[in-house]
Amino acid sequence: MATFNLKINGKNHQVDVDPDTPVLWVLRDHARLVGTKYGCGIGQCGACTVHLDGVAMRSCSVPVSKAADKSITTIEGLSEKGDHPLQKAWLEHDVPQCGYCQAGQIMNAASLLNNNPNPSDAEIAAAMEGNLCRCGTYLRIKAAIKTAAAKMK
Amino acid sequence: MTVIKTTFNRRSFLKASVAAGGGLMLGFSWLTSCTPTQEEAMILPSEWFDINGFLKIGDNGIVTIMSPNPEIGQNVKTSMPMIVAEELDVDWKKVIVEQAGLDTKIFTRQLAGGSQSIRQGWQGLRMAGATARRMLLEAAAQKWQIPVSELSTDEGLIEHKKSGKTIGYGEVASAAGAMIVPKEVELKNPKDFKIIGQPTKNVDGANIVAGKPLFGLDTQGPGMLIAMIVHPPAFGMKLKSMNADAVKSMPGIKDVFTINSQPEDFDRQWSDVNAFPELAVVLGETTWQTLKAKRTLKVEWATESPLESSADHTKELTNLLQKAPREPARRDGDPEAAFKNAAKVIERTYSAPFLAHNTLEPMNFYAQVTPEKAELVGPVQTPEFLRKTLVSVLGMPEDKISIMMTRMGGGFGRRLYGHFGVEAAVISQKVNAPVKLVYTREDDMTQGTYRPAYRVTYRAALDKDNNLIGFHVRGAGTHGSPVFANRYPAGTVDNYLAENHSQESNISTGAWRAPRSNFIAFAEQGFFDEVAEAAGKDPIEFRLQLFERALTNPVGKDNDYDAARYAGVLKLVREKSNWGVEKAGVHRGVTAYFCHNTYVAQVVDVVMDNNRPRVQKVWCAVDCGIVVNPEGAVNQIQGAIVDGIGHSMFSELTFKNGRPEQENFDKYRLIRHSEAPKEIEVFFVENGIDPTGLGEPALPPISATVANAIYKATGERLYHQPFVKQKPILG
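Predicted model only: the values in this text are computed from it and were never measured.

Q: Tell me about helix H2 (residues 117–144) of chain B, residues and numbers included.
A: All names here are of chain B. Taking 1.5 Å of rise per residue, 28 residues should cover 40 Å, and H2 covers 39 Å from first to last C-alpha, within 8% of that figure. A bend of about 40° at Gln123 is the largest found in H2. Following H2 by one or two positions, Gln145 adopts a phi angle in the positive range, close to 55°.

So this is what it looks like as structure tokens:
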């Protein structure tokens, strides 16, 4: 066990955890931010996607020791009122079915649009390939990303 | 005008304040937001009045409608309340939806499965809304001393047109609860529907995209401990002994022990499928600490029954198909003679492997069991069955057990089998503390309850004029055959034989989205394509001719389909896809299938991309009667299509000596963004028939539609799933 000072969504959190604790479980069990989801634990499904210094990372595969000096953004912190252009586009296109993967999808898409504000269909698919949707909402996710990109121009 | 007899008991006036609400978990709010398109914030009432258990009306006219059924992503949480709201006659923007917990005094069939929620709930939901509306009218009539027959409603307002008097539902809600429930109520004429049939956004949408706590895995409560299990690594194995010494002293660990969630004398139900009732359990304070301890635990296993491998399964299924069963499932005419005298006989064999469900949210459940009561919260498709098993296993009466269903990160049939709820309860009872049981992905994927492995042989006999004179299907599968003997083409062929074989196995199986149909439609509709080709007929024309036979001069009895509706969807997809018009580089396949009471026909466009076939577009025509929520409906159909393509193309669960060879998504392949079709267009037949379900029907035929198109593109047929291991895909 060790003490870590983390910056999550602009706020400071102090946690006492093993240094190998994945950021995912620090978020869910200690910071009580459960928007970031557990799907596989091995970085294969993308449900745990957060931003570390603005870059999309699979939080199940980042030990807290590596995140201590970084700024962590979770789905709860993407916007104050849930009104980021991606979140609005997600609602406009009625994307979710079960909804479990969607926070990870949105966080990954936000990182994509930060790097590439006008992605082609192929670039969207390539960037989002690591985010599984078991319910098959891929077409709507693509449409929502394109809508958000257009609004964010 | 439709009049329906009401079946509610008289309910006395109940007042419930906004702040109250049983079973609220810390950090959880069961009040989901209103429709996300609403611009202004909804002002909550200061008082609620419970009208009939299905809905509450606030003093300011805001309405809370309970959604009775478990939500697995099929969006009944939006469509079921829409039906209530329609008959209640309120503005949907003034509706809040709440998930109802298990309550068999108010609700029937609180179950997610079989694509039946809307079909079986249709009348009851309409009645709930209509009854409440009637009670509000009675209250206004009494207040004004005017006959009810002179009153009407308009979206939450009661009007006396003669005098111009109006009053809002909120103002009479208090009195309405005391009205006598009428014996009969009027239902709206569907042509007057204002809510049903309108594309409506998911009621949980805003909460989902904001990352609010919604899922079972998100449950948190005071004093809650985390429980994780270790189950045998192979089917046929059982817990023998365990060395917990090293683990018990690990940081954050409270206890390590074994449980048996199926004691000797317990009352087994169909939902109690569980290959591994005896488990090692690690109890800890946080998930990561418990997970590390679980991985450190040393367990010894004993082998109890043969350890099976996939090669064994294939061999056994193949052997089964070599012989006829003692009794056929169905026989019309003289199939042997038909095949003997045929001008052409076509015979093909199809197969598909075991599949895991892989809901993205793994199995989990929260339980707090004390000597007085058991409180359970979590993702389960069958809460009523879970409660019944708990009565037996915990030794507690039913009225002491409460179950609240959380939103589920996927169901697909996996959560019909609530063993994880039983396990959580048994653990909580043993340690006398609230517990959240969490399965890892590996625990989940290797636990069983799989879609069975299947193999089927089809034979068709054509006469010299290319008429279909004989049809024979013989199917085999783990714990049961995939064949539906009375489905099409039964009834269209004079000489017909359907046969079933069941393979024994210690690998547990269960319902997986569109059970049996999810495989047999692939085989049947692929076979039809070959028979049509052998007969020199267009595949749509070939099917339509058979439907015509079923309509005018059907063979036999118990033909389990409506040939007119079946032909109807096929004609619709033919029209919408411009079938028959060739486009350069585009190769097409077509299918039609009927399951879970709904008719579906599909056309797929495949193009070659770097010498590999790729699905470009899917057209899907659907006949499910009245479409309650077109927005959710299209999403379901698109999702089912992506699901069906994904699994038939990529997925399989194989076994070596009883062990699943895949335990996470590195080895078990699921369809990803780039592999989904570029476009899926959906069309509904409009016929005003009472609605049927959509969760499953679009999945079964899509693998055949794709396979039929790939045949056109490559000249190669696909007979075995997953396609990614077959020549037409490998190249």
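Q: Quick one: what's the story with helix H10 (residues 419–431) of chain B, residue by residue and with numbers?
A: Residue and element names in this part refer to chain B. For H10, spanning 13 residues, the distance from its first C-alpha to its last is 18 Å, which sits close to the expected 18 Å at 1.5 Å a residue. For H10, a buried count of eleven out of 13 residues is recorded, marking the element as mostly surrounded by other parts of the structure. Those residues of H10 that sit buried are His419, Phe420, Gly421, Val422, Glu423, Ala424, Ala425, Val426, Ile427, Ser428 and Gln429. Asn432 sits one or two residues past H10 and shows a positive phi near 55°.

Q: An account of the packing of helix H2 (residues 85–92) of chain A against helix H5 (residues 138–152) of chain A is requested, with residue identities and associated values reported.
A: All names here are of chain A. At a minimum axis distance of 8 Å, the contact between H2 and H5 shows a crossing angle of 135°. The angle between H2 and H5 places the two elements in the oblique class. When you trace H2 past H5, the crossing you get is right-handed. Contact residues: H2 offers Pro85, Leu86, Ala89, Trp90 and Glu92, while H5 offers Ala144, Thr147, Ala148, Lys151 and Met152. Split into classes, the residues belonging to the contact of H2 with H5 amount to seven nonpolar, one polar and two charged.

Q: Please give an account of the interface of chain A and chain B that cites residues and values.
A: In this assembly, 45 residues from chain A lie in contact with 49 residues from chain B. Listed by contribution, the elements that provide at least two residues to the side of chain A that touches chain B are helix H1 (23–30), H2, helix H3 (102–115), helix H4 (121–128) and H5 of chain A.

Q: Talk me through the domain arrangement of chain B; I want residue IDs and the actual numbers.
A: All names here are of chain B. If you check the domain split of chain B, you get domain 1 (2–209), domain 2 (216–305 + 363–438) and domain 3 (324–355 + 450–730). For domain 2 versus domain 3, the distance between C-alpha centres works out to 38 Å. At the interface, twelve residues of domain 2 touch eleven residues of domain 3. Split by residue class, the side of domain 2 that touches domain 3 holds nine nonpolar, three polar and no charged.

Q: How would you sum up the sheet that holds strand E2 (residues 11–17) of chain A? Please name residues and give values.
A: All names here are of chain A. Strand order in the open sheet formed by five strands is E2-E1-E5-E3-E4, and the pairing between neighbours is mixed. Each edge of the sheet is formed by a strand with only one pairing partner; in this case those strands are E2 and strand E4 (55–58). Each adjacent strand pair in this sheet contributes to an overall mean axis angle of 40°, direction not counted. This element, H1, spans E2, strand E3 (49–52) and strand E5 (71–73) of the sheet and lies at about 100° to E2. Here H3 sits on the sheet in contact with E3 and E4, set at roughly 35° to E3.

Q: Could you give an account of the domain arrangement of chain A, with specific residues and numbers?
A: How big an interface is tends to be expressed through the accessible area that disappears when the partners come together. Residue and element names in this part refer to chain A. Examined at the domain level, chain A breaks down into domain 1 (2–77) and domain 2 (85–152). Distance between the C-alpha centres of domain 1 and domain 2: 21 Å. Facing the 14 residues of domain 1 at the interface are twelve residues of domain 2. Counting only elements with at least two residues in the side of domain 1 that touches domain 2, the list comes to E3 and E4. No other element matches E3, which puts three residues into the side of domain 1 that touches domain 2. Tallied by class, residues from the side of domain 1 that touches domain 2 come to seven nonpolar, six polar and one charged.

Criteria and cut-off values
- The residue numbering used here restarts from 1 in each chain and proceeds along that chain's sequence as written.
- In the order they appear in the text, chains get letters beginning with A and ligands get numbers beginning with 1.
- With the structure being a predicted model, the display of local features is reserved for residues of pLDDT at least 70 and the display and counting of side-chain atom pairs for 80 or more, all residues being used for whole-chain, interface and lining totals.
- Per the convention used, a helix needs a DSSP run of H or I reaching at least four residues, while a strand needs a run of E reaching at least two, with both numbered from the N terminus.
- One less than the number of residues in a helix, times 1.5 Å, gives the span that helix is expected to have.
- A residue's bend is given by the angle between axes fitted to the 7 residues ending at it and the 7 residues starting at it.
- Partly exposed residues are those whose C-beta has more than 12 but fewer than 20 other C-beta atoms within 10 Å; with 20 or more the residue is buried, with 12 or fewer it is exposed, and the C-beta atoms are placed from the backbone.
- The axes are straight lines fitted to the C-alpha atoms, using for helices just the contacting stretch, and the angles between their N-to-C directions are given from 0 to 180°.
- For classification, angles of less than 35 degrees are called roughly parallel, those exceeding 145 degrees roughly antiparallel, those between 65 and 115 degrees roughly perpendicular, and all remaining angles oblique.
- Note on convention: the crossing is left-handed when the near helix lies turned anticlockwise from the far helix by less than a right angle, right-handed when the turn is clockwise.
- Residue pairs qualify as contacts under a 7 Å threshold applied to their C-beta atoms, which are placed from the backbone.
- Residues were grouped as follows: Ala, Val, Leu, Ile, Met, Phe, Trp, Tyr, Cys and Pro as nonpolar; Asp, Glu, Lys and Arg as charged; and all remaining residues, including Gly, as polar.
- For the domains described, the bounds stem from an automatic or database domain assignment.
- Whether two strands pair depends on DSSP finding at least two bridges between them.

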